[in-house]
Amino acid sequence: MLTEQELIHYSRHIILPQIDEAGQEKIKQSKVLVVGMGGLGAPVAMYLAAAGVGHLYIADHDQVERSNLQRQIIHNLNSIGQNKVDSAQSTLKALNPWIQVTSIKQKLGDQELDDLLSKVDAVIDCCDNFKTRFAINRAAVKHQKPLVSGAAIRFEGQLAVFNYTDQSPCYQCLYQPDIQLDENCFDQGVLSPVVGTIGTLQATEALKIITAAGQVADGRLLIYDALNGDFRKIKVTKDANCAICGA
Ligand SMILES: [Zn+2]
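So, here's what we can say about the structure. (Residues numbered from 1 in each chain as written. Predicted model: local features only at pLDDT ≥ 70, side-chain atom pairs only at ≥ 80, totals over all residues. Heavy atoms only, no water.)

**Notes on the coordination of the zinc ion**
Note on the zinc ion: its protein donors are Cys 170 (SG), Cys 173 (SG), Cys 242 (SG) and Cys 245 (SG). The metal-donor distances range over 2.3 Å. What the four donor atoms of the zinc ion show is an angle range of 94 to 120° at the metal, which sorts the shape as tetrahedral. The motif formed by the donor residues of the zinc ion, counted along the single chain, is C-x2-C-x68-C-x2-C. Taken together, the positions of Cys 173 in helix 8 (residues 171–174) and Cys 245 in the segment after strand 8 (230–235) put the pair 72 residues apart, joining distant regions of the chain. According to the relative accessible area criterion, Cys 245 is buried, its value standing at 15%. (Donors = N, O, S within 2.8 Å, 3.2 Å for Na, K, Ca; no water. Tetrahedral: all angles 85-135°; square planar, octahedral: opposite > 155°, others 65-115°. Helix = DSSP H or I, 4+ residues; strand = E, 2+ residues; numbered from the N terminus. Buried < 20%, exposed > 50% of the residue type's maximum accessible area, 1.4 Å probe, protein only.)

Set out below in structure tokens:
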């Protein structure tokens, strides 16, 4: 149940008929894993904390560097040298002291992800490498949990929701594991607010999954072309022969 203070705090959600008090209670009871506290993870974690997600699990094994601050707005100058999850945790707690935040500092392999996915309602992929993306997908398919995937590089961003229903594609239906595994985001340029745009869309989809508001963006890939100010949609179907989710 929401306290009197929470009813005021979340009143702009509660007056939305698609959310209402019942939806806000669902948000309060929800548990969400955010993998990566970088450019995408920053707006995702901040919006989910501000929106009242009851238990956030945040994972990152890196420390904050000066060159992160151009886009990773959950951190600030005082965070340089700190673990990203510690810096993120203090920002999130300042935004919303009622939520629980669990920090995970180690690199996530199959075993850690298996354990985490058994605990949460959804996972938000905000990581910067394909190896982890495929591992998150394997764990999400195994535990039948929705995966909200985002990526941003240079002036382009992508958003997709996987594993939402039995009929939904998984990440590996779209991308094969032999994809250019060496193109990691850490050695590429990216325009600062592009990660904010995609991260904010990821947080929006996560809240829709939790509250069942609207139509979740599954079965399609949304591509944001920031240079031309344009969004495109590509249909993504489940691959019956997928090594991960196929029969
Ligand atoms: Zn698949």
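That was the structure; now back to the text.
**Some details on the pattern of salt bridges**
This model, assessed by the stated rule, comprises seven salt bridges. Here Asp 125 makes a salt bridge to Arg 133, at a shortest N to O gap of 3.3 Å. Classification of Asp 125 by relative accessible area gives buried; the value is 1%. Owing to a relative accessible area of 4%, Arg 133 belongs among the buried residues under this scheme. Here Glu 205 and Lys 208 are joined by a salt bridge, their closest N and O atoms 2.9 Å apart. Here the residue Glu 205 and the residue Lys 208 both occupy positions in helix 9 (residues 192–211), the gap between them amounting to three residues, near one helical turn. We note that Glu 205, like Lys 208, is buried. (Salt bridge = Lys/Arg side-chain N within 4 Å of Asp/Glu carboxyl O.)

**So, the sheet that holds strand 3 (residues 100–104)**
The strand order across the open sheet formed by eight strands is 3-2-1-4-5-6-7-8, and the pairing between neighbours is mixed. At either margin of the open sheet sits one strand with a lone partner, and together these are strand 3 and strand 8. The mean inter-strand angle of the sheet, taken between neighbouring strand axes irrespective of direction, is 15°. Two elements, strand 2 (residues 55–59) and strand 3, share five bridges in a ladder whose sense is parallel. Bridge pairing in strand 3 links Ala 59 to Ile 104. Where helix 4 (residues 41–51) meets the sheet, its contacts fall on strand 1 (31–35), strand 2 and strand 4 (122–125), and the angle it forms with strand 1 comes to roughly 165°. (Pairing = 2+ DSSP bridges. Axes fitted to C-alpha atoms, helices over the stretch in contact; angles between N-to-C directions. Contact = heavy atoms within 4.5 Å.)

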